[in-house]
Amino acid sequence: MSLRPALYASTGPAARTGSSRTPNRQLRDAWLRHRRSVGQQSQAGKIPLASISLGLGGLLAGARARHFSKTSSGPWLRRSGALGLRAPLCRALATETLATKVLAEGPEIRTPPGDPRSYRVLQLENGLQVLLASDPSASTSAAALTVHCGTFQDPQDRLGLAHFHEHMLFLGTEKFPKEDEYSKYLSEHGGDSNAFTMSEYTTYYFKVASPFLDEALDRFAQFFISPTFDPSGIEREMKAVDSESTNYSTEDGWRLLQVLKATAAPEHPFFSFDVGNLDTLGSNDLDNTRKQLVEWNKTHYQAGAMKLVVVGSDSLDTLQELATEKFCSVPAGSGREMVYPVKPWPSSQVGRVVKCVPLKDSRSISACWPLPPVQKYLFAKPELYLAHLLGHEGAGSLHDALNQFGWVDQLSSGTAHSFTDEQLFAINITLTPEGDAHREEVLALLFEYVETIRSAGPKEEIFKELASLQEIGFAHKEDSPLPDDFAASAAMALHRYPANEVLRGPFALDEWRSDVVAEYLSTLTPTNCLIMVTSDGFREESTAQSASDQGWKPEEWYKAYYKLEALDKDHLDQWREKLEVALQGQPSGLKLPEPNRFIPNDFSLRASDGEGAEVTKLPMEVLPPNPLMDSGMLRLWHKVDKAFKTPREYVLAHVHTAAYDAGPEVVTMMRLFCSVVSDDLNTFSYDASVAGLGYNLEFADNLTMSVGGFNDKLPDLLKVVVGRIATLLEEIETIAEAVKGASSEEELLAALGDRGQELLEKLEVQRQILLQDYKNFTREDPWSVGNYYLSQLTMRKSWHLSEYIEVLERGPDLAATAAAVRTAFSHVQVDMLVHGNATAEEAKSVADTVCASLKRLGAEPLKELRKKEITQLPLNSTTVFEYDLAALNPAQENCSTQVVYQVGPTNEDLSRDACVSLVCRIAHVSAFQRLRTELQLGYIVQAFPWVNEHICGFSVLVQGPHEHPQKVDELIETWLEDFGQELEAMTEEDFQKNVEALVNERTQRYSRLLQE
Ligand SMILES: [Zn+2]
């Protein structure tokens, strides 16, 4: 990496002082005084065909989605950030009561016990169905509307129109013509908004401080009543979509999705490109594009195809009036029925292997099967049964078998794409380099595991276990932290489930359909399978002279290279033979999972009934935990939950060590060690994770250990986790000692023994995974690489990624690992919190378990904790750092420019901290409007509070393909000058609105125990 420091310097605008007439004025002036352009960096990226890759695994089901599959269809086309402007205070006239039908209400609607909201489902006269949720204590309200149409409804000559249409709705309506009216109103009233377009659905949602729901809903409803599709906005917004598409073209997730699309039947809309760009949207035929937008809107945006969710603090009756008044003028009609000429994957499109070349150094396999649509068995969910078994990671599972060979990094299974006519069900495996070298054996093992499940037949006891987990999940469901997230998912559920089941439906597993499960199992054969293999290893082959003769070709839109091959019986036989060799005559050990011993039975609450009636969930009223124990090495805090009344508990331990000061080697080895411990525990802890109980072991610059979830079986899991840390270290030491004298390979193997070989292999696999992660980092988005360097530049005494890479490249070394871990654990100071459904006695017992393990490790108290220091950038000077990433990633078209203005230590001056937050909030809307909407500098534009350790500041970030960072930097400076004036000119009333909005945002009630 080439690093060219301080190429040019510019001075920021002079500090301003103003009269301090009002407290608000004072706040603003205080900020202006602090807004010195003290540090600045821009980082130019000319990065190559490489970007974030989750592999297809990530693409299809979310990297760690386990088996609880999401039913969304692949990556969403997402808007980022907000647009906005001021609201003329016009109110719609109250309308008379209209013929509105109540579809379900009160106890008819099945809710989780203890849900504070009351619900009602309506149908307006125009056919629009509405779910109302009333919670008198909600300080933030929200709404979401999902239309049953999406990219599948794109006209053939305007690919991307649905997505473009979604963008255009934000740019003005007849009643509120200003293009940022809606977003600005929300921003000034403690809210924001977003939208996403999927294959057959499009969702819009927002949140706002509760007193402003009426006005916000008025602006929102106009999206669906009178969008203007203002001609002046069309060209500009088309550029925004185009740069969104450019962004996606450098991300493996999106590139591989395009390859998957290319495997579908060309007559099915899934085959088509759907993001849109200047060409497909007709940038040289704007009048026609506008006509098509209007026409398309008329055809598809009809009340009968929409579901609305409104969450507010008013009564259900008031909410009903509000929804009726605002939405009664949405045009009636039922939209268009979704019929396609063929299914996406008819038999001609399956029984094939697709090889793809990713941008990143990554490798994965996905086995996909088309199955009947999810909609067909909503209360039996046969695909969930399959996903549970195929995605299992316990003893005897596919994951376990692959892991024993050191072939698997991650594995997940579930519905990858869900359409009205079909779903694509998948098993996704991200491979280690060793696994990549044995792809054929991996596939043979995969089919053997499917066969194991098929021949065992449908098992009712497994279904029952799954059903009870789903039931527990619903009965103890925690609310989404954000009401707009709740609204968005409920709007989708309303499309899918009957009115009275809108909340429970996604959890419901009411019918055991062994016939359907058997039928699905019989479908999961190689002949019906589409296998996607992604590997960096194909790069050479795909770019060789003869590549096109061999069938390699670039995908039409994002140009990822791929090749299609038939999957015939010969292939399968060869794979099977290779697997036999790998197994060396041993059985594969594949079997169905044992009953899950982590399913909680005891849900009793530690706080007694009357307790906690007065406890609020407001952040400023939350009482701190009590100090319970200080043993010199471990300080314990404890708080029993009285507010959330959920049978959950969280244990969080910060283990301070001297590892970071000891150097990058110890840090790297500790990270490796944590990964090996987690890997070694995986078959044991997987059942716990399925049963809502998880743990995490992580070393950043200190060790963080957390265990949380249903409290019933938590102590069992914790005991094993902390115990394994000590056991594993001892094991590694013993083995390292035993192999010391070995002089030949034979002696070495004998000295290692089975367990030694296993551990050495685990260490090697984790080393490769970590090394790959670190090396891939330079191919991340430019903004995230830039952000890393920014923190490196300002943090004193910090190790660099390249130093960690150097350590990892030395190869696996049991003795060095053990020595480093010993060093790290020689002196520790643990700060531990036990929070939730646990008594003081139970908390102490948890602390004792941790202490015992530390004692076993021989730890002594750590005398002094490490202090992190941030470099103070000199006043009035501006330093620009440029990083040229071209050498590492020449195909990356985006550049990122990030400017940071340091302000000072946090918590030193609370009113200054408040100022920074307030200014960032106002600045974001202004920066977005100028730098993104008007100047079209790129898809990512943000102004936000910058915090590094204890130092706060303000930062502006722009990532885009068009302008040179130096130019972008100048434009940011110019905007900032104007923004200063904007602030000066802002009316007291508008300013006050922003203050209130920020206060509202900061005083949100917690909705989950973990947030507290
Ligand atoms: Zn978009």
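Everything that follows concerns the structure shown earlier in this document.
Computed from a predicted model, the values in this text were never measured in an experiment. (Residues numbered from 1 in each chain as written. Predicted model: local features only at pLDDT ≥ 70, side-chain atom pairs only at ≥ 80, totals over all residues. Heavy atoms only, no water.)

Q: Describe the coordination of the zinc ion, listing the residues and the values that go with them.
A: Note on the zinc ion: its protein donors are His163 (NE2), His167 (NE2), Glu244 (OE) and Glu244 (OE). The metal-donor distances range over 2.1 to 2.6 Å. One can describe the donor arrangement at the zinc ion as irregular, given that its four donor atoms subtend angles of 54 to 149° at the metal. Spacing between the donor residues of the zinc ion along their common chain follows H-x3-H-x76-E. In this pair, His163 is assigned in helix 3 (residues 161-169) and Glu244 in helix 6 (residues 231-248), connecting sequence segments 81 residues apart. The class for His163 is buried, based on a relative accessible area of 0%. With relative accessibility at 0%, the residue Glu244 sits in the buried group. (Donors = N, O, S within 2.8 Å, 3.2 Å for Na, K, Ca; no water. Tetrahedral: all angles 85-135°; square planar, octahedral: opposite > 155°, others 65-115°. Helix = DSSP H or I, 4+ residues; strand = E, 2+ residues; numbered from the N terminus. Buried < 20%, exposed > 50% of the residue type's maximum accessible area, 1.4 Å probe, protein only.)

Q: I'd love a proper account of the nonpolar core, names of residues and values included.
A: One finds Leu717, Phe825, Met832 and Leu854 to be the most contacted residues of the largest nonpolar core, which totals 85 residues. The element that contributes the greatest number of residues to this core is helix 20 (residues 664-690), accounting for 14 residues. Discounting residues that sit within four places of it in the chain, Met832 has contacts with Leu634, Arg635, Leu636, Trp637, Val651, Leu652, Ala653, Val846, Ala847 and Val850. Counting 80 residues, the second-largest nonpolar core is a separate cluster that includes Ala143, Ile234, Met306 and Leu308. (Core = buried A, V, L, I, M, F, W, Y, C linked by side-chain atoms within 4.5 Å. Contact = heavy atoms within 4.5 Å.)

Q: Any details on the sheet that holds strand 16 (residues 553-554)? Residues and values, ideally.
A: The strand order across the open sheet formed by seven strands is 13-14-12-15-11-17-16, and the pairing between neighbours is mixed. Looking at strand neighbours, the two that pair on one side only are strand 13 (408-418) and strand 16, the edges of this open sheet. Across five bridges, the pairing between strand 11 (residues 352-356) and strand 15 (residues 530-535) is parallel. Counted as the bridge partner of Cys356 is Thr534 from strand 15. Across the sheet, helix 10 (residues 382-390) lies against strand 12 (363-371), strand 13 and strand 14 (423-431), angled at about 10° from strand 14, the strand it touches most. (Pairing = 2+ DSSP bridges. Axes fitted to C-alpha atoms, helices over the stretch in contact; angles between N-to-C directions.)

Q: Could you give an account of the side chain of Glu244, with specific residues and numbers?
A: The side chain of Glu244 sits in the buried core without any salt bridge; Arg932 is the nearest counter-charge, 5.6 Å away. Separated by 3.1 Å, the side chains of Glu244 and His167 make a polar contact. (Lys, Arg positive; Asp, Glu negative; His and termini not counted. Salt bridge = Lys/Arg side-chain N within 4 Å of Asp/Glu carboxyl O. Polar contact = N/O pair within 3.5 Å; in protein donor to acceptor, adjacent residues only side chain to side chain.)

Q: How would you summarise helix 10 if you had to cite specific residues and measurements?
A: Counting buried residues in helix 10 gives nine out of nine residues, a clear majority hidden from the surface. Taken residue by residue, helix 10 has Pro382, Glu383, Leu384, Tyr385, Leu386, Ala387, His388, Leu389 and Leu390 as its buried positions.

Q: Break down unusual backbone geometry for me, citing the residues and quoting the values.
A: The phi dihedral of Lys645 falls on the positive side, at around 50°, and the residue is not glycine. Tracing the backbone through its elements, the reader meets Lys645 in the loop between strand 19 (634-640) and strand 20 (648-657). Of note in this structure, Asn907 is not a glycine but carries a positive phi near 65°. Mapped onto the elements of the fold, Asn907 is located in the loop between strand 26 (895-905) and helix 27 (910-934). Look at Asn907 and you get exposed, because its relative accessible area is 63%.

Q: Account for the pairing of strand 10 (residues 306-312), naming residues and giving values.
A: The element strand 10 is largely enclosed, with a buried count of seven among its seven residues. Residue alternation in strand 10 divides its side chains into two sets, Met306, Leu308, Val310 and Gly312 and Lys307, Val309 and Val311, and both sets are buried. Relative to strand 10, strand 6 (residues 129-134) runs parallel, the two being bridged by six bridges. From the neighbouring strand, Gln129 faces strand 10, where its bridge partner is Lys307. When strand 7 (residues 140-147) meets strand 10, the two strands line up antiparallel, connected through six bridges. Across the sheet, residue Leu145 finds its bridge partner in strand 10, namely Leu308.

Q: Provide a residue-level description of helix 13 (residues 439-456), including the pertinent values.
A: With 18 residues, helix 13 extends 26 Å from end C-alpha to end C-alpha; this agrees with the ideal 26 Å at 1.5 Å per step. Of the residues making up helix 13, those classed as buried are Glu441, Val442, Leu443, Ala444, Leu445, Leu446, Phe447, Tyr449, Val450, Thr452 and Ile453. A positive phi of about 75° marks Gly457, the residue just after helix 13. (Expected span 1.5 Å × (residues − 1).)

Q: I'd like a description of the pairing of strand 28 (residues 951-960), backed by residues and values.
A: A large share of strand 28 lies buried, amounting to ten of its ten residues. Burial along strand 28 is two-sided: Ile951, Gly953, Ser955, Leu957 and Gln959 and Cys952, Phe954, Val956, Val958 and Gly960, pointing in opposite directions, are all buried. As defined by bridge partners, strand 26 adjoins strand 28 across ten bridges and the pair is classed as antiparallel. From the neighbouring strand, Tyr901 faces strand 28, where its bridge partner is Phe954. As paired elements, strand 27 (residues 940-948) and strand 28 share nine bridges and run antiparallel to each other. Across the sheet, residue Ala943 finds its bridge partner in strand 28, namely Val956. As consecutive antiparallel partners, strand 27 and strand 28 are separated by two residues, and within that stretch Glu949 has a phi angle of approximately 50°, a positive value.

Q: Run through the pattern of salt bridges, naming residues and quoting values.
A: Inspection of every chain in the model, using the stated rule, returns 49 salt bridges. Salt-bridge contacts for Asp214 lead to Lys326; the nearest nitrogen and oxygen are separated by 2.9 Å. On the criterion of sequence distance, the pair formed by Asp214 in helix 5 (residues 213-223) and Lys326 in helix 9 (residues 316-327) is long-range, its members being 112 residues apart. Across the pair, exposure class does not vary: Asp214 and Lys326 are buried alike.

Q: Hey, could you go over the environment of His392 for me, with residue numbers and the actual values?
A: Residue position: His392 is located in the loop between helix 10 and helix 11 (398-404). Between the C-alpha atom of His392 and that of Ser412, which follows or precedes it by 20 residues, the distance is 8.1 Å. The residues touching His392, leaving out its near neighbours within four places in the chain, are Ala387, Ser397, His399, Tyr449, Pro593, Tyr686 and Asp687.

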